[in-house]
Structure formats: C-alpha cells, structure tokens
Amino acid sequence: MYLMTSRQYGSATVSACCALILVLIAFTASSQPSLSFEIKKPKKYESRSLPSEKSANTRFTLPKKFYNNLVSRFNYYFNANNILNNTIAEAKAAHVDDYSQLLPFYNYELDSSYADKMDTVLYKATAGIVLHDLRSDWVDKLYLLMGRAYLYRKDFDSATTVFQYINYAFAPKDGGYDLPIGSNASNTNGVFTIATQENRSLWKKMTSFPPSRNESFLWQARTYIEQDELVEASSLLEIIRTDPNFPERLRADLEEVTAYLMYKQLNYESAADHLLKALDNAENKLETARWEYLAAQLYALAKNEKQAIALYERSIQHTTDPLMEVYARLNVVGLASGNQENSLQRNLDELLKMARRDKYETQRDIIYYAAARLELRRNNYAAAQDLLLKSIKFNVDNPLQKQLSFLLLGDLNYTRKAYSPSYTFYDSIQTALLKEADQQRVLERKPALQVISVNQSLVSKEDSLQRLAALSPEERTELVKKVLRQLRKEKGLKDAANDPMLAAIPGGAPAAVDLFGKPSAEFYFQNASLRSRGLGEFKSRWGTRPNIDNWRRQTAIDRSLVTNTPTPDAQSAAAKKDAEDLTIDGLMKNIPLSSEQLGNSHQAIIKALLANADAFQNTLEDYPSAIEVYEELIKRYPESAEVEDALYNLAYLYKKNGQPEKAATAAAQLQRSFPGGKLLAQLNTVKLDKKNDPAQATYESIYRLFLEGKFNEAKEAKLAADKQFGNSYWTPQLLYIESIYYIKQKDDSTAINRLENIVSLFGISQLAEKATTMIDVLKRRKEIENYLTNLNVDRPEDIAGRGVDLNNTNTLGLVTKRPDSLLAPPKEIKAVGKEVVNLSNTNTVNAPPIAKKDSLNMVPKTLVSKQIAVEAPKTSIISNNTFNFNPADTQYVVVVLDNVDPIFATEARNAFNRFNQERYSDRQIAIYNRKINNQYQLLMFGPFANASDAIGYIDKTRPVTASRIVPWLAADKFSFLIISEPNMNVLINNQDLTGYRNFLLQAFPYKF
C-alpha cells in the first residue's frame, strides 16, 4: 500500500500499439524551457555538454520529442519504478503484523537493508533527467520517483527539496512567468487555486499522462507526517481538499494521506473514516482486509463498538491470513457485550472449525490458544486447559506461542488454586521470551509454588500411606500387589513369578516371546500388558532412545543424549534399585505400620502444612488460602504444639481479611490453649498498651458516644479530653464521624477543621483521601446545592425500588432531564470525584412494607440481583418453631448496625451504595434501611436469587468493609447476615436478632 504506484501509469510494453501512442504523445508534448540545473562532472568531461544542458539552445523537433519520450520512459523511468516497487513488495513480504496490538498504518518498513536499492532508483532517475532533453514528458515523473526514493530512504530533507522543486518548476506559467499564489493571475472563476488543472478528456487520456505536480503535494504531506510535522501536513492537506482544481483521480490518495495524518494525531475515529474511503488504494484482497482490521481497531479505540464489530466481520470475510481471522474473532467477542454469550459461542465454533481444516494446519497452535481465551471469558477452566494443551501439542516452530500457552495454563491453574499444575506449567516456560511484566509474575510465583507443590504431594502421599496402614493385613497386601503390578508395567519390568508367558532359562534370562504370535481379538496397542512388555523388549535391545527420526542411528542422536544419558554403571545401578524397590517388601517398608513410623508421617504432614501456609501468607500474600491451611492444621492436629503458631497467624490473617470477629476468636483460643506462650505475649503487647493508656481509652469512649448519637455528651467529653491530652491521641475515625455530625448541623467551618486534622495528622490513613474530597465539597456547598436544586429530577418508581433517597443530594442514582442531553455539568461540579457528600439530609430510605401474603411483591422481580459466581457452603432446609431456612429462597444480605445513630446509618448506606455501583456496575443492588428496635438497624441488600448468591456477595464484600467501605465505623458496630422475606416478617414481630443469628449458625456454622 503506497501512493501513486506504476498501476496508475500502466506497465506498457514496446508493441505496435504502444509505438502509435508514443508518436501521439510526441506531437502533444509540452516542453519545460524554464528547467535548468548544474551538475558537477569529472574533469575529463568538463568540456562536454549533457543533453539536458542543450535543452535551452536547441530546437525540440518532432523526432527529438519521440526519441526522448521513448527512451526516458522505457530505459529509465520503467526500470527505476520497477526497482522501487519490487523493493516495497520485498518489505511487505518481510513485514509481520502483531494483531494483538494496534497495527502500524503501512504494512512495510524500509530499513537500512534497502538503502542500496533506493540508491539505484536515485541513480537511474537522475540519469534519466540529465541524459535527456528537459522538455521530455517524463522529467516530472522522474523527479517524483526521485522524491519518493529519498522518502523511503528516510532522507526527508532531500525528499522535501525535490517535492518543493516539482511544485515550483512545473507550476502553471503565464507566458513563461510564474503565477504568484493568491494573486489575481491564479484566480479561476473567483476561486484561488494551487493545483494544476488537468484536462482529462478522452483524447488527453489517450495521448498523454497526467502531470505529477498534483501528486507531489500528497507526497510532500506524507514527508511532513513522517517527520512529525503534523501542523504543516494538516495545513497542506486542507488546502488541497478545498482546491477546485485538485483532480478526482487522486481523491483516494488524498483520503489515505489524511487517514495517516489522523492516525498520527491519535484522532482514531476520523482516521478510520478516511481510511475506509481509501480502500481502493489497497493492492489486493489481503491488504483490503488489513485496512478494514485497522479501521476496526481505530473505531474500537474511539468507543464505537458497533462500527468496529462490523469492520472486524468484513475483515474476516476478505482476509486470507488465518491469524487475522483468529484475532478478529477474538476482538468481536470482546466487543459484543450486548449479545456476548451467543457471539462467544458462535466465534468459538468458527475457531474450532478452522482448526480442523488442513489449510490452517500450521496455525493450529494459535487457533487453539485463541479458543482457550474465549473459554476463559466464561470461566470454563477445564475446556480452556484442554485447548491450551492442544495448542502446545500442535506447536511446530513457534516458541513464543508455546510460552504464551504455558503461561496461560499456569495463570488459570493459579486462579483456581490448582497450585501443583500451576507450578508445572510455570516451570516449563522460557521466561526470556516473555514480556517483562509476565517474567516478573512467573519469577515471583515459581519459588513459592514449588514449595507448595512438593508439600501437597507429600501430604497426599502420607495420607495414602496412612490409609493403607489402617487396612487389615489381607486387604493391604492385595492392594499393594495391585499397585506393584501397575508400577512394574509402567517401568517395563517383568514379573517372572506371576507371568506365565515368561519361562526361566539358564542364566535367568527370559525366553524370547513372539508378541504377535498368538492370534487375539484385542488390538495389540489397546492391550496395556502387551504394550508394556513390548516397551521392555525395546529397551532391552535398543536402550533408551529419544522420540525422534532415525532413532536407529546412534550417531544421529549422540548429541541429544550426551547430557541426558546416564553412564552404564548408573544405568545398572538404577535398574537394580528399581528391581529392589518394585517388590512387595520394597513397597511395604514405606507404609507407617509402627507407632514411630506413624508419628514421623504425621510430623511430616504438619511440617508440610506449615510450610505451605507460610508460602501463601508471606510470599504470595494469598491470605484466604493461608487461612484454609492453618484451619486444616488445627482441625487435623488440635493437640500439636504447632497449633500455637497457627492460632497466632490466624488472628493476624483474619484481621487482614476483614474478619475481626474470627480474629478475636482465634486470639481467645490462643489464650485458652497456650496461656503462658511467647506468641500470646507478643499478641497482647499492643492490646495491653492501648488498654492501659487512659488517653486512648478516653478517646475510644468518646468515639462510641458519637456513633451512638449522644452528641452533646460526646462533645463535652472530647473538649475535656483535648484540654487534658492534646490532639496526639485523636483517631481518624473519631475525627471523621465528628465531621459528619457537624456537616449535618451545617457547621461547615468546624467540619473542615476536623477533616483537615485527618489530612495533617493521619496522611496515610484510608480516610485521608475521603477527607480531602469532603473538604473540597464543603468549600463549594452553596454552588453544588444550587446546581442540584436546578436539576429536573425524574423519580420513577423503579428508582425508589432501588432504595434511592430521593430527598438526598448524596444520591448517585438521580435521573436528570435537560433540554440538551449532551450538556454536561459544570467542570468544577464534575471534579467532586467519587466521594459525593450528603450535605443536607439525614433521612434514611425505608424499605417498602413487606407483603405478608405475597412476599414476591416486596420489590419488582427485575431488581433481583444477578448471580455472583462464588461458591458458598451447601446446606439443606432447616427450621425451628420460629424461623424456617430454605437455601433456594430469595435472600437479602443484611448489615446489622449495633447502637449506631441514624446519621451514621445513612452515611453507611451511602458508602455501600457507592461501593456497589463501583464494584457491581452491571447489577442493580438495592439498599434499604429497616429499624428493628432502638439498638439495631439493618441495611438490606438485594434481593439475591438464593442463599448461595447472597453468601457470595458477603464473601467478596466483607474483607474490604472495614478497610475501604466504612473505615470510620468500629468493627464491632456492624456484622453480616442473610435473611429471607418470611424470616424478616418474623424478626420484625419478635425482634429476636440473637435468636435468628443462632438459628442461622445451624446452616452456616462458620459464616456468621
């Protein structure tokens, strides 16, 4: 793809027809008497004049015109143009596109290896000019060819000089004089022009070629773009576009250069628009498909998904490159969000169909890799792993793709916590071929995964051995024999005692057996016994041979075996060890039958579990997995000394994971089980210091007074404490909730003072950023309130159903109507950020009355939240005299607020609402306030489809509640539950929250 190639001029050969046309050209040739230049000649030729130097002094007769046009065209221009075009073709053939990235605009890149060929083009173009009369019709075309050669050689200054010379020398003349641009002389029908007007009548098309000056403008713009002089290029192209004399034949070229300019300016949508208008310049079907693919990428970057999908589909229809088709289908799936499931399955089927075709045989590894990525979009890990293994299997000579397949296998197994396979795949990667970020991830994970993999294998092995030890002697012996036969088959060893086909001969060597001698209905390669025996025969005769061609020729494989083949002594020793180990006695000795062996087995498991927990906790920082291992250790070995370490780490990990109740339970159990332990002293050091500090205790009590709504008492206590202790004992939580109180009272100056204290004293706190945003909002309270007051707020019933506070300026779900839907809020209003502050209203949103007869009428069915794919504990229907629990029933997630003032209950609801809109933007999770009694208030989320979905939401939300959502709320002031509508009816009537929590623990013993 390049501008103004020989296609526009034809590739005529010398024939009778061409000769006739050339005669006609000679008659109508227009001379260029103003052309002249100086060229340095060798000393011996200084006295001789070149034909070009004689142009001004000789007549340009008809025979002379014919000769100069004929020779200039076919001896010089034709050859030089062919060399340039062939060079471009070679560069295109060498170019390889990475379809996973934004494609370069042109599918070639001329590097230094092509410089010699460009020099040849320059030599022939220069010779074609100086060795012929300058009045030839081909001088301007030779100059244009010269400028293009300089451009491709990246000699941009020379290219610019040549194109500017064409613009000047071949411009329209008035009696031999130049026509100044913008003067009346260049005025055509009231329009000023810079282009050369072309008379392209049929006679002109037959007898002459179009002038090159108009094309030189486009090449000049291309030169500017290559030098990143985008303003100059834009100005020139705009002048050309509006010029009435610019020829229609060059419109596609103009669109191409304009698209290139927009591409460089990162104006993606305009670049795509102009590129589609230039598709006629593509040389073949593949280049058309490539530009369509590029245009689709540009539309995707411009967020025009519909147009991008359409162009990806067009490129699939036109392309002959299987890689382009694969990546186009991947991109279609990524963009087709509205009908994603159907689009994903359709494109997955197409990819698998492609993989079965012979013409895509060499691309099967990439096709299967792309199909695996599609399966991962719907979390189908098993199918993705099978496809990735196929990708590796069919990889012939693409080492980078093989590493990507291994990397994705390692990542997906790590994601689903299959750590041993994950390590195996990571260990197969040649990290030097990966990107730096991928290298870092693999190198960070591999050491820990190796430890985890080895320890998991050890635990599995010891568990199996202990199960064998628990069997009766007869059962144990029978099972060991079965395992022994299997292991010997895998090793290719023979069991002379049990195999009737083997007959002992002198020296102990078995008699030769004809494997194919006895007719059998079973195919040989489907008989595991025969195959293992055949493998043994092969190894005994040929030794261990690699799976390569010419396996008989030792010299052909010596180099591949030099580092892997053990010495004969080592082979003999290994064979002897296998023969000793693979016996009943050899296997029996590993089974822990004695108390000492059993103790060593248990100790090995404990050590492996501790090592794994440490790897999860300190290397991978996978706290949930570390918690699982510590819990397993305590459950399996509650009396072991290592339980002390496990409880100590659990207390820390529960707190890090946002489970303060469980952290307290682990700490209490540590104190009960190891009252004099060193770890308990370490755990209590910080707690005792805080507990015994009167200032700390005083401010903790003030904090609780604020939360409970005892504002006057809290203010007086804080004033007295500040006089006694200063501000060194303030906490960010205390200052934050105090500021909320003053905001509700519209005492903005005091509120700002408290917030500024958070920023200055607790800059690294989670609340510092929130405080900064709130300060900015408070300083512009009046401006924001006026703006929100003037909005035309629509209050449909579905908004109320989502629990939106329609009287509250803190609402994130307002639906506004403006005369101009494109009118955005003032910039300073938009800059408020994610943290929108409730400036005026303390009202809560109460849930609609619960319908006792028809519980499904509580909220519209369309508001039932989408499933959150997190596995929750499975349980059955349970009930008592008061409550009834069915895991299939619609459930609400409940945050129980204990002794929290309505002001802070509203702030908590707003915080959860912001979190839900950010984390679950594709779902509508309604939030309701419901007060049980003076002590408890409930924030109800949902409804969720069933208990599993509700538990899934809690598992994802609870770890970040204390650290991110409500960091200002004390951990013991909130807790999570789930509840159905019938149970909520009962709870409202009896107000027995403790009884319901105890009932719920029967279904989920460790959740609440």
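Residues take numbers from 1 onward in each chain, read along the sequence in its written order. The predicted origin of the model limits local features to residues at a pLDDT of at least 70 and limits the giving and counting of side-chain atom pairs to 80 or more, whereas totals for whole chains, interfaces and linings rest on all residues. Processing note: side-chain calculations cover all non-hydrogen atoms of the structure and skip hydrogens and water entirely.

1. As for the overall build of the protein chain
Working step 1: Put simply, DSSP H or I for four residues or longer makes a helix, DSSP E for two residues or longer makes a strand, and each gets a number counted from the N terminus. Counting its regular elements, the protein chain contains 41 helices and 12 strands.
Working step 2: The 1008 residues of the protein chain split such that 45% are buried.
Working step 3: Only the protein chains shown count as cover for residues, with accessible areas throughout obtained via the Shrake-Rupley method and a probe of 1.4 Å. Counting every atom, the protein chain has about 52700 Å² of accessible surface; 51% of that belongs to carbon and sulfur. Summary of the burial criterion: residues with accessible area below 20% of their type's maximum are buried, those above 50% are exposed, and those between are partly exposed, where the area comes from a 1.4 Å probe applied to protein chains only.

2. What to know about helix 13 (residues 322-335)
Working note: α-helix, 3.6 residues per turn, so residues spaced by three or four point in the same direction.
Working step 1: Here the expected span of a helix is defined as 1.5 Å times the quantity of residues minus one. Across its 14 residues, helix 13 extends 20 Å between first and last C-alpha, which sits within 8% of the 20 Å expected from 1.5 Å per residue.
Working step 2: Burial of helix 13 is extensive: 11 of the 14 residues sit out of reach of the surface.
Working step 3: Considered for burial, the residues of helix 13 that qualify are Pro 322, Met 324, Glu 325, Val 326, Tyr 327, Ala 328, Arg 329, Leu 330, Val 332, Val 333 and Leu 335.
Working step 4: Its side-chain oxygen at 3.0 Å from the backbone nitrogen of Leu 323, Asp 321 defines the N-terminal cap of helix 13. Two N or O atoms form a polar contact when they lie within 3.5 Å of each other; inside protein one atom must be a possible hydrogen donor and the other a possible acceptor, and for residues adjacent in sequence the pair counts only when both atoms belong to side chains.

3. What about the sheet that holds strand 11 (residues 936-944)?
Working step 1: Strand pairing is defined by DSSP finding a minimum of two bridges between the two strands. Spatially, 4 strands are ordered 10-11-9-12 in an open sheet, and the strand pairing comes out antiparallel. Two strands close off the open sheet at either side, each with one partner strand: strand 10 (926-931) and strand 12 (974-979). Here the average twist between neighbouring strands, direction ignored, is 25°.
Working step 2: Here 6 bridges tie strand 10 to strand 11, and the two strands are oriented antiparallel to one another. Within the sheet, the bridge partner assigned to Asn 929 lies in strand 11 and is Leu 939. All axes here are fitted lines through C-alpha atoms, helices being fitted over the stretch that makes contact, and every angle between N-to-C directions spans 0 to 180 degrees.

4. Digging into the confidence of the model for the protein chain
Working step 1: For the protein chain, the average pLDDT comes to 74, and 70% of its residues sit at 70 or higher.
Working step 2: Confidence of the prediction at every residue is given by pLDDT, a number between 0 and 100. Residues are treated as being in contact if the distance between any of their heavy atoms lies within 4.5 Å. Within the model, pLDDT remains below 50 along residues 1-34, and this stretch shows 82 contacts once partners closer than five positions in the same chain are excluded.
Working step 3: Low pLDDT, under 50, characterises residues 795-873; the stretch is placed with 169 contacts to residues that sit more than four places away or in other chains.

5. Some points on the packing of helix 12 (residues 305-318) against helix 13
Working step 1: Contact geometry for helix 12 and helix 13: axes closest at 9 Å, N-to-C directions at 155°. The angle between helix 12 and helix 13 falls in the class roughly antiparallel. Like other packed secondary-structure pairs, helix 12 and helix 13 cross with a definite hand, here left-handed. Facing Glu 305, Ala 308, Ile 309, Tyr 312, Glu 313, Ser 315 and Ile 316 of helix 12, the residues of helix 13 in contact are Met 324, Glu 325, Ala 328, Arg 329, Asn 331, Val 332 and Leu 335.
Working step 2: Here the nonpolar group is Ala, Val, Leu, Ile, Met, Phe, Trp, Tyr, Cys and Pro; Asp, Glu, Lys and Arg are the charged ones; every other residue, Gly included, is treated as polar. Considering only residue class, the contact of helix 12 with helix 13 consists of 8 nonpolar, 2 polar and 4 charged. Relative orientations are named as follows: roughly parallel for angles under 35 degrees, roughly antiparallel for angles over 145 degrees, roughly perpendicular for angles from 65 to 115 degrees, and oblique for any other angle. Left-handed describes a crossing in which the near helix is turned anticlockwise from the far one by less than a right angle; the clockwise case is right-handed.

6. A look at the packing of aromatic side chains
Working step 1: Any two of the Phe, Tyr and Trp rings considered here, Trp counted by its six-membered ring, make a pair once their centres fall within 6.5 Å; the pair's planes then place it as stacked at under 30 degrees, edge-to-face at over 60, or tilted in between. In this structure the tally under the stated criterion is 25 aromatic pairs.
Working step 2: Ring centres 4.9 Å apart and planes at 75° place the aromatic pair Phe 105 and Tyr 106 in the edge-to-face group. Grouping residues by exposure puts Phe 105 and Tyr 106 together as buried.
Working step 3: Through successive ring pairs, a cluster of aromatic residues spans Phe 105, Tyr 106, Tyr 108, Tyr 152, Trp 219, Tyr 260, Tyr 263 and Trp 291.
Working step 4: Either the NZ atom of lysine or the CZ atom of arginine qualifies as a charge over a ring when it sits within 6 Å of the ring centre and within 35 degrees of the ring normal. Positioned above the aromatic ring of Trp 138 is the side chain of Lys 141, whose terminal nitrogen or guanidinium carbon lies 5.4 Å from the ring centre.
Working step 5: Above the face of the Tyr 414 ring, Arg 445 is positioned so that its terminal group lies 3.8 Å from the ring centre.

7. Some points on the environment of Thr 193
Working step 1: As for its placement among the helices and strands, Thr 193 is situated in the loop between strand 4 (191-192) and helix 6 (202-207).
Working step 2: In sequence terms Thr 193 and Asn 245 are 52 residues apart; their C-alpha atoms lie 6.8 Å from each other.

8. A few points about the pattern of salt bridges
Working step 1: By definition, a salt bridge exists where a carboxyl oxygen of Asp or Glu is found within 4 Å of a side-chain nitrogen of Lys or Arg. Overall, the coordinates contain 27 salt bridges when judged by the stated rule.
Working step 2: Of the charged contacts in the structure, one is a salt bridge between Glu 226 and Arg 222, with a shortest N-O distance of 3.0 Å. Of this pair, Glu 226 and Arg 222 both sit in helix 7 (residues 213-226), separated by 4 residues, roughly a single helical turn.
Working step 3: Of the residues examined, Arg 222 reaches a relative accessible area of 4% and is grouped as buried.

9. Section: the side chain of Gln 937
Working step 1: Along the chain, the position of Gln 937 falls in strand 11.
Working step 2: Judged by relative accessible area, which is 11%, Gln 937 ranks as buried.
Working step 3: Within polar-contact distance, the side chain of Gln 937 engages the backbone oxygen of Val 900 at 2.8 Å.
Working step 4: Those residues within four positions of Gln 937 in sequence are excluded, and the remaining contacts are Val 895, Val 896, Leu 897, Val 900, Asp 901, Pro 902, Ala 905, Arg 930 and Lys 931.

10. Some points on a positive patch on the surface
Working step 1: Side chains of Arg 356, Arg 357, Lys 359, Lys 390 and Lys 393 sit close together on the surface and give a patch of like positive charge.
Working step 2: Note on placement: Lys 390 falls in helix 16 (residues 381-393).
Working step 3: Classification of Lys 390 by relative accessible area gives partly exposed; the value is 38%. Patch membership needs two things, relative accessible area over 30% and no salt bridge, and members are linked within 9 Å if like-charged or within 5 Å if nonpolar (Val, Leu, Ile, Met, Phe, Trp, Tyr). Neither His nor the chain ends is counted toward charge; the positive residues are Lys and Arg and the negative residues Asp and Glu. To locate a charge, take atom NZ for lysine, CZ for arginine, CG for aspartate or CD for glutamate.

11. Digging into the pairing of strand 12
Regular strands show a simple pattern: their side chains alternate between the two faces of the sheet.
Working step 1: Among the 6 residues of strand 12, 6 are classified as buried, and the element is accordingly described as predominantly covered.
Working step 2: With burial as the criterion, each face of strand 12 is covered, one bearing Phe 974, Phe 976 and Ile 978 and the other bearing Ser 975, Leu 977 and Ile 979.
Working step 3: As paired elements, strand 9 (residues 891-898) and strand 12 share 6 bridges and run antiparallel to each other. Looking at the pairing, Val 894 lines up with Leu 977 of strand 12.

12. Side note on the packing of helix 2 (residues 62-94) against helix 4 (residues 139-152)
Packed helices, taken two at a time, are described by the angle their axes make and the gap between the axes.
Working step 1: It is at 11 Å that the axes of helix 2 and helix 4 come closest, and there the two elements cross at 25°. Considering their axes alone, helix 2 and helix 4 lie roughly parallel with respect to each other. Both helix 2 and helix 4 take part in a crossing whose hand is left-handed. On the side of helix 2, the interface is formed by Tyr 76, Tyr 77, Ala 80, Asn 81, Leu 84, Asn 85 and Ile 88, while helix 4 contributes Lys 141, Leu 142, Leu 145, Arg 148, Ala 149 and Tyr 152.
Working step 2: Per-class residue counts for the contact of helix 2 with helix 4 are 9 nonpolar, 2 polar and 2 charged.

13. Overview of the environment of Phe 74
Working step 1: Examined against the element boundaries, Phe 74 turns out to sit in helix 2.
Working step 2: Residues Phe 74 and Gly 128, spaced 54 residues apart in sequence, show a C-alpha to C-alpha distance of 10.0 Å.

14. Describing the side chain of Ser 975
Working step 1: Of note, Ser 975 is situated in strand 12.
Working step 2: Here Ser 975 falls in the buried class, since its relative accessible area comes to 13%.
Working step 3: Side chain to side chain, Ser 975 and Arg 997 meet in a polar contact 3.2 Å long.
Working step 4: For Ser 975, the residues in contact, after removing those within four places along its chain, are Glu 661, Val 894, Val 895, Val 896 and Arg 997.

15. Comments concerning unusual backbone geometry
Working step 1: The amide bond that connects Gly 942 to the next residue, Pro 943, takes the cis arrangement and shows omega of 10°.
Working step 2: Looking at the element boundaries, Pro 943 is found in strand 11.
Working step 3: Backbone geometry places Asn 379, a non-glycine residue, at a positive phi of 60°.
Working step 4: Mapped onto the elements of the fold, Asn 379 is located in the loop between helix 15 (364-377) and helix 16.

16. Some thoughts on the pairing of strand 10
Working step 1: Within strand 10, 5 of the 6 residues are buried, which leaves the element mostly enclosed by the surrounding structure.
Working step 2: The antiparallel pairing of strand 10 with strand 11 creates a hairpin that spans 4 residues between the two strands.

17. Details of the environment of Arg 476
Working step 1: Residue position: Arg 476 is located in helix 20 (residues 473-491).
Working step 2: Judged by relative accessible area, Arg 476 falls into the buried class, the value being 10%.
Working step 3: Setting aside its immediate chain neighbours within four residues, Arg 476 contacts Leu 468, Ala 469, Leu 471, Met 588, Ile 591 and Leu 593.
Working step 4: From its side chain, Arg 476 meets the backbone oxygen of Leu 468 in a polar contact 3.1 Å long.

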